[in-house]
Amino acid sequence: MAKGYWITLYRSISDPEALAAYAKLAGPAISAHGGRFLARGVATKVYEQGIAQRTTVTEFDSLELAVAAHDSPAYQEALKTLGKACERDVRIVEGLG
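A few points on the structure. This structure is a prediction, so every number in the text was calculated from the model and none was measured. (Residues numbered from 1 in each chain as written. Predicted model: local features only at pLDDT ≥ 70, side-chain atom pairs only at ≥ 80, totals over all residues. Heavy atoms only, no water.)

Turning next to unusual backbone geometry. Within the chain, Glu48 stands out as a residue other than glycine whose phi angle is a positive 55 degrees. Mapped onto the secondary structure, Glu48 falls in the loop between strand E2 (36–42) and strand E3 (54–60). (Helix = DSSP H or I, 4+ residues; strand = E, 2+ residues; numbered from the N terminus.)

What follows deals with the packing of helix H2 (residues 63–71) against helix H3 (residues 73–82). At a minimum axis distance of 5 Å, the contact between H2 and H3 shows a crossing angle of 50 degrees. Considering their axes alone, H2 and H3 lie oblique with respect to each other. Here H2 contributes Ala69, His70 and Asp71 to the contact with H3, which in turn contributes Pro73, Tyr75, Gln76 and Leu79. When its residues are assigned to classes, the contact of H2 with H3 shows 4 nonpolar, 2 polar and 1 charged. (Axes fitted to C-alpha atoms, helices over the stretch in contact; angles between N-to-C directions. Parallel < 35°, antiparallel > 145°, perpendicular 65-115°, else oblique. Contact = heavy atoms within 4.5 Å. Nonpolar A, V, L, I, M, F, W, Y, C, P; charged D, E, K, R; others polar.)

With that out of the way, let us pick up the packing of helix H1 (residues 16–31) against H3. Contact pair H1 / H3: the axes reach a minimum separation of 8 Å and the direction vectors enclose 175 degrees. Between H1 and H3, the interaxial angle falls into the category roughly antiparallel. Contact residues: Ala18, Leu19, Ala21, Tyr22, Leu25, Ala26, Ala29 and Ile30 in H1; Ala74, Tyr75, Glu77, Ala78, Leu79, Thr81 and Leu82 in H3. Its residues assigned to classes, the contact of H1 with H3 comprises 13 nonpolar, 1 polar and 1 charged.

Attention shifts here to the sheet that holds E2. The antiparallel open sheet is built from 4 strands, whose spatial order is E2-E3-E1-E4. The outermost strands of the open sheet, each flanked by one partner alone, are E2 and strand E4 (86–94). Taking each pair of neighbouring strands and ignoring which way they run, the sheet shows an average axis angle of 10 degrees. Of the strand pairs in this sheet, E2 and E3 are connected by 6 bridges, and their pairing is antiparallel. (Pairing = 2+ DSSP bridges.)

Below is the structure:
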């Protein structure tokens, strides 16, 4: 079974306190579905049309678990806390294995 990955790119953060409150709720919601943070922070180096922005990569044992984590009531509650504190792009992709 192929793994699932969340790739999140933060274009802008207007309320760091709300982002921190979101992270306190989102982390346990993601971990409850087996999510493991593989990378988190501002890009060290960017190429081509890249933008040095905050990026996270989260691995799940399956694509189904990645989607279930996002759609879970606990994660949806975290999203309410985040509100409009940032502009970001969240993608869930299937691993190659």
